[in-house]
Amino acid sequence: MDFLCGKNISQGGYFILKHLSNEKGFISIFALGLFLTGVMVMLFIVSIVSAGVMKNAYKYHHDIRAAMDFAVFADNMNGATTGTVQLDPQNAGQYFISAYSLITGTTYGSGQFIGGSFSAPVVLEGLTPINPGDPLPNKFGGLNGIAVQPGYFVTMNVPVFRGSVMGIEIPPFYVKMQHFANVGSMSIKP
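Anyway, here's the lowdown on the structure attached to this text. (Residues numbered from 1 in each chain as written. Predicted model: local features only at pLDDT ≥ 70, side-chain atom pairs only at ≥ 80, totals over all residues. Heavy atoms only, no water.)

Focus on the overall build of the protein
Thinking step 1. Along the backbone of the protein there are four helices and five strands.
Thinking step 2. The linear arrangement of helices and strands in the protein, starting from the amino end, is α-α-α-α-β-β-β-β-β.
Thinking step 3. Relative to its 190 residues, the protein shows a buried fraction of 28%.
Thinking step 4. When the accessible surface of the protein is summed, it comes to about 12,200 Å², and 64% of that surface belongs to carbon and sulfur atoms. (Helix = DSSP H or I, 4+ residues; strand = E, 2+ residues; numbered from the N terminus. Buried < 20%, exposed > 50% of the residue type's maximum accessible area, 1.4 Å probe, protein only. Areas by Shrake-Rupley, 256 points an atom, 1.4 Å probe, with all protein chains shown as cover.)

This is how it looks when you write it as structure tokens:
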């Protein structure tokens, strides 16, 4: 083996060959290889789980947005004929709950949507009317965080992941999702 450790082999190759030539070095390099393989497998698992969580989060936020768009349109149906926007939070809330339940296949009760493809209840934290000039939480749309049109702001806690990873049971992982939808309807005058 001495002929392999000549001057033509790079320093890294010399180091590996030197350690492979005795038993301790071989076991160290083998253990390091196993450790690095384990780390790579764990990173692969984490990346797959996180991709699934992100996919769920985008889908669930899209469902919230679709239900809000329906609710603000349905809430202002009379405003479209009169030319004035009339916010009715209770009416909009009923439309939102009906639309979201229909879209997600859930049932609503006690501030929660239960069933559908969710692993835990979806919590409706609030549906707030927003008037022009009101500040929008977290600068959602508008002009520098100020609403320019009336609408509604919804806040929900949505479970985006629950299950087991490699035999470890993981409790529901909730993400707070918020969406602002402006009424923005106009009357059409002949």
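That was the structure; now back to the text.
Focus on the pairing of strand E2 (residues 112–115)
Thinking step 1. Both strand E1 (residues 106–109) and E2 contribute to a ladder of four bridges, which runs antiparallel. Across the sheet, glycine 109 pairs through a bridge with glutamine 112, a residue of E2.
Thinking step 2. Linking E1 back to E2 in an antiparallel pair, the connection comprises two residues, with serine 110 at a positive phi of about 55°.
Thinking step 3. Across two bridges, E2 lies against strand E3 (residues 122–130) in antiparallel orientation. Residue pairing in the sheet places glutamine 112 in a bridge with valine 123 of E3. (Pairing = 2+ DSSP bridges.)

A few points about the side chain of aspartate 63
Thinking step 1. Relative to the assigned elements, aspartate 63 resides in helix H2 (residues 23–75).
Thinking step 2. Overall, aspartate 63 belongs to the buried group, its relative accessible area being 7%.
Thinking step 3. In this view, aspartate 63 contacts Tyr100, Ile103 and Thr104; residues no more than four positions away in its chain are not counted. (Contact = heavy atoms within 4.5 Å.)

Brief notes about the side chain of asparagine 157
Thinking step 1. Along the chain, asparagine 157 falls in strand E4 (residues 151–165).
Thinking step 2. Within polar-contact distance, the side chain of asparagine 157 engages the side chain of glutamate 125 at 2.6 Å.
Thinking step 3. If sequence neighbours within four positions are ignored, asparagine 157 has contacts with Pro121, Val122, Val123, Glu125, Tyr174, Val175 and Lys176. (Polar contact = N/O pair within 3.5 Å; in protein donor to acceptor, adjacent residues only side chain to side chain.)

Points about the nonpolar core
Thinking step 1. Grouped together as the largest cluster of nonpolar side chains are 26 residues, with contacts concentrated most on Ile64, Met68, Phe96, Tyr100, Phe113, Met156 and Val158.
Thinking step 2. Listing elements by their share of this core, those giving two or more residues are H2, helix H4 (89–104), E3, E4 and strand E5 (168–182).
Thinking step 3. The leading source of residues in this core is H2, at eight residues.
Thinking step 4. Excluding residues that lie within four positions of it along the chain, tyrosine 100 makes contacts with Asp63, Ile64, Ala67, Thr106, Phe113, Phe118, Val122 and Met156. (Core = buried A, V, L, I, M, F, W, Y, C linked by side-chain atoms within 4.5 Å.)

Focus on the pattern of salt bridges
Thinking step 1. A full pass over the atoms with the stated rule returns two salt bridges.
Thinking step 2. With a shortest N-O distance of 2.9 Å, aspartate 63 and lysine 59 are connected by a salt bridge. Placement of the pair is aspartate 63 and lysine 59 together in helix H2, with a separation of four residues, close to one helical turn.
Thinking step 3. Note on lysine 59: relative accessible area 43%, which makes it partly exposed. (Salt bridge = Lys/Arg side-chain N within 4 Å of Asp/Glu carboxyl O.)

Spatial relationships are all this shows, so hold off on functional conclusions.
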